[in-house]
Amino acid sequence: MGWFSKFINSSIGKKFIMAVMGSFLMIFLIIHLIGNFTLFFGPNAFNGYVKTLDSIKPLIRVIEVVLLAAFVFHIYYGTLLWWENKKTQGGKFIGKYKINGSKQNSSFSARTTFITGSIIFIFLVLHLGTFFWRFNVYDPQNLAENHQYFVIVNEFFQIWWYVALYVIAVILLGYHLNHGFQSAFQTFGWNNKKYFPFIQKTGTVYAIIMALGFASMPIYFFFFYGGNL
Amino acid sequence: MTNTNINLTLNIWRQESADAKGDFEQFKVTVSSDASILEMLDELNNKLEKEGKIPIAFESDCREGICGTCGLVVNGHPHGPLPKIATCQLHMRNFKDGETLFIEPFRATAFKVIKDLIVDRSGFDKIQQAGGFVSFNTGSAPDANAIPIPKEIASLALDSAECIGCGACVAACKNSSAMLFVGAKVSQFALLPQGQPERYERVMNMVAAMDEAGFGSCTNTYACEAECPKGISVTNIARMNRDYFMAVIKK
């Protein structure tokens, strides 16, 4: 086995991949949120933003490929770690604790990363299946010519169950990030008693901003914007 | 000190061997509030023996919190619900009269039950044998300050060396990860000059032995630090990760 495959198959190596890919996705979320805020400034602002992205299409495509790789590795290794860790607990004659003290010794977001991650994954598929597909695959020419991007966003955000799922998913994303942010620092070995509380608080603030930021758009469209164009 | 007796209902895990099905057995006891939980089990075992029943198997040695032999999960917490004590230092005055206790072994696939509350922690020995030592002759005790070590570093190394290898971190972890133990054992040498020659080889070998022994991967829930009887910090895991990355690059 080469040194690299030995590394990525070790317990620390797998954590390292989770942290690297997760960090990349966290940076992406910031950019994604800032871009999406143009929705609040009306159709022209948002359509203009999408067109700007369109004008640098080759670069965007490269970023999309990297993004896809980050998602694939983060999800694959997350699932692999979950599966392997499941096997280290219990078993036929080991059993589970009758009383489990985990509520007192760890945080909710730390214990639920796999569950929140799984729900976010389902949301991600739906998210790509709606917005990404409509913007990029389903008649993009027509969209570009008639400035229909904003119309489509508004269309989806009038569907109550879509809005509800969207809001639930981004709140869970907040929990996922609350653990993930500080967890990445710990995995990279950047933890000491002096600055780590600051990292943990920054992570919580980051998670809240992301959850509220992404939730604000469907809520705004559903309750306040109302279909008026 | 007033010696008061309290009545407790104990649900204790009984299991014949590693490949036998276990279950809780209930006992009603009256115990002095000054007794430790192990002394309570001693009394209970005396009673069981007199009645011709099989006593409850549990481990203990020093009974002053420094050897790491004892280890019970009391009401869902390794070494009981109080912070920074070993099971032997858990006194019954911390429980209320009439309370129900659940006493379980450390549960992890890597810690097979030997009998009742005794588990096989030889996985830790295998990790230690893979590199938890300095392999050159250090001679007799050197003169003071022959090797200058800043106080701050010496204290950090001693904090790591506080680990008694009891396995509570594995028992508390939802992934049965041994990384707090390994982190402490790696750190106590990585911080000191005597540990430098084998620093990267050590972390490589110990992590490999840890993975081999069937412990899980850390997901940074920090349950281990919360339950550790010696309060070993998760910064030890971070140091191990750092050293491991360096080892991957260098070795």
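Predicted model, so just to flag it, every value in this text is computed and none were measured.

Colleague: Outline the overall build of chain A, listing residues and values.
Modeller: From N to C terminus, chain A includes 11 helices and 0 strands. Seen in sequence order, chain A has helices and strands lined up from the N terminus as α-α-α-α-α-α-α-α-α-α-α. Looking at chain A alone, contacts between residues at least 24 apart form 79% of all its contacts between residues at least 6 apart. Accessible area for chain A stands at about 12600 Å²; split by element, carbon and sulfur atoms hold 73% of it. Placing the 17 positive and 6 negative side-chain charges of chain A at their respective mean positions leaves the two points 28 Å apart.

Colleague: Just give me the short version of the domain arrangement of chain B, but keep the residues and values in it.
Modeller: Residue and element names in this part refer to chain B. Domain boundaries assigned for chain B yield domain 1 (5-114) and domain 2 (121-134 + 147-250). Summarising the inter-unit geometry, the C-alpha centres of domain 1 and domain 2 are found 28 Å apart. Between domain 1 and domain 2, the residue contacts involve 19 residues of the former and 19 residues of the latter. Contact between domain 1 and domain 2 buries roughly 1500 Å² in total, counting both sides, with carbon and sulfur atoms accounting for 59%. Here domain 1 is connected to domain 2 by 1 salt bridge. The salt bridge partner of Glu-59 is Arg-121, with a shortest N-O separation of 3.0 Å.

Colleague: Tell me what's going on with the pattern of salt bridges, and back it up with residues and numbers.
Modeller: Scanning the entire structure with this criterion turns up 14 salt bridges over all chains. Glu-64 of chain A serves as the salt-bridge partner of Arg-61 of chain A, at 2.5 Å between the closest nitrogen and oxygen. Here the residue Arg-61 of chain A and the residue Glu-64 of chain A both occupy positions in helix α4 (residues 57-87), the gap between them amounting to 3 residues, near one helical turn. According to the relative accessible area criterion, Glu-64 of chain A is partly exposed, its value standing at 23%. Connected through shared salt-bridge partners, Arg-14, Glu-25 and Asp-116 of chain B make up one network.

Colleague: I'd like a description of the interface of chain A and chain B, backed by residues and values.
Modeller: At the junction of the two partners, chain A supplies 39 residues and chain B supplies 52 residues. Regarding the contact of chain A and chain B, the summed buried area is about 3800 Å², with carbon and sulfur atoms giving 55% of it. Looking at the side of chain A facing chain B, the largest losses of area belong to Phe-93, Ile-94 and Tyr-97 of chain A, adding up to 19% of the total buried there. Applying the counting rule to chain A against chain B returns 0 salt bridges. Counting the contacts that link chain A with chain B gives 30 residue pairs in polar contact (both at pLDDT 80 or more). Every element with two or more residues in the side of chain A that touches chain B is listed here: α1 (3-9), α2 (11-36), α4, α5 (102-105), α6 (108-111), α10 (160-188) and α11 (196-225) of chain A. In terms of residue count, α10 of chain A provides more of the side of chain A that touches chain B than any other element does, 6 residues in total. The residue inventory of the side of chain A that touches chain B, partitioned by class, reads 12 nonpolar, 21 polar and 6 charged.

Colleague: Tell me what's going on with helix α1 (residues 37-50) of chain B, and back it up with residues and numbers.
Modeller: All names here are of chain B. With 14 residues, α1 extends 20 Å between its outermost C-alpha atoms, agreeing within 8% with the 20 Å of an ideal straight helix rising 1.5 Å per residue. Taken together, the buried positions of α1 are Ile-37, Leu-38, Met-40, Leu-41, Leu-44, Asn-45 and Leu-48. Along the axis of α1, the buried residues cluster in a sector spanning 150°; they form a single face. Among the exposed residues of α1, those pointing more than 90 degrees away from its buried face are Glu-49 and Lys-50. Positive phi appears at Gly-52, one or two residues downstream of α1, with a value of about 80°.

Colleague: An account of the confidence of the model for chain B is needed here, citing residue identities and associated values.
Modeller: One rule of thumb: low pLDDT means the predicted coordinates there are not for detailed reading. In the predicted model, chain B carries a mean pLDDT of 95, and the fraction of residues at 70 or more is 99%. Looking over chain B, one finds the lowest element-wise mean pLDDT in strand β6 (residues 113-115) of chain B, namely 95, and the highest in helix α5 (residues 179-190) of chain B, namely 98.

Colleague: Just give me the short version of the packing of α5 of chain B against helix α8 (residues 235-250) of chain B, but keep the residues and values in it.
Modeller: All names here are of chain B. Contact pair α5 / α8: the axes reach a minimum separation of 8 Å and the direction vectors enclose 70°. It follows that α5 is roughly perpendicular to α8 by the angle criterion. When the axes of α5 and α8 are compared, the crossing they make is left-handed. Contact with α5, carried on its side by Met-179, Leu-180, Val-182, Gly-183, Ala-184, Val-186, Ser-187 and Ala-190, involves Asn-236, Ile-237, Arg-239, Met-240 and Asp-243 of α8 and no other residues of that element. Across the contact of α5 with α8, the residue classes tally to 8 nonpolar, 3 polar and 2 charged.

Calculation criteria
- Residues numbered from 1 in each chain as written.
- Chains lettered and ligands numbered in written order.
- Predicted model: local features only at pLDDT ≥ 70, side-chain atom pairs only at ≥ 80, totals over all residues.
- Heavy atoms only, no water.
- Helix = DSSP H or I, 4+ residues; strand = E, 2+ residues; numbered from the N terminus.
- Contact = heavy atoms within 4.5 Å.
- Areas by Shrake-Rupley, 256 points an atom, 1.4 Å probe, with all protein chains shown as cover.
- Lys, Arg positive; Asp, Glu negative; His and termini not counted.
- Charge placed at Lys NZ, Arg CZ, Asp CG, Glu CD.
- Domains from an automatic or database assignment.
- Buried area = accessible area lost by both parts, 1.4 Å probe.
- Salt bridge = Lys/Arg side-chain N within 4 Å of Asp/Glu carboxyl O.
- Buried < 20%, exposed > 50% of the residue type's maximum accessible area, 1.4 Å probe, protein only.
- Polar contact = N/O pair within 3.5 Å; in protein donor to acceptor, adjacent residues only side chain to side chain.
- Nonpolar A, V, L, I, M, F, W, Y, C, P; charged D, E, K, R; others polar.
- Expected span 1.5 Å × (residues − 1).
- Arc of directions from axis to C-beta.
- pLDDT = per-residue confidence, 0-100.
- Axes fitted to C-alpha atoms, helices over the stretch in contact; angles between N-to-C directions.
- Parallel < 35°, antiparallel > 145°, perpendicular 65-115°, else oblique.
- Left-handed = near helix turned anticlockwise from the far one by under 90°.

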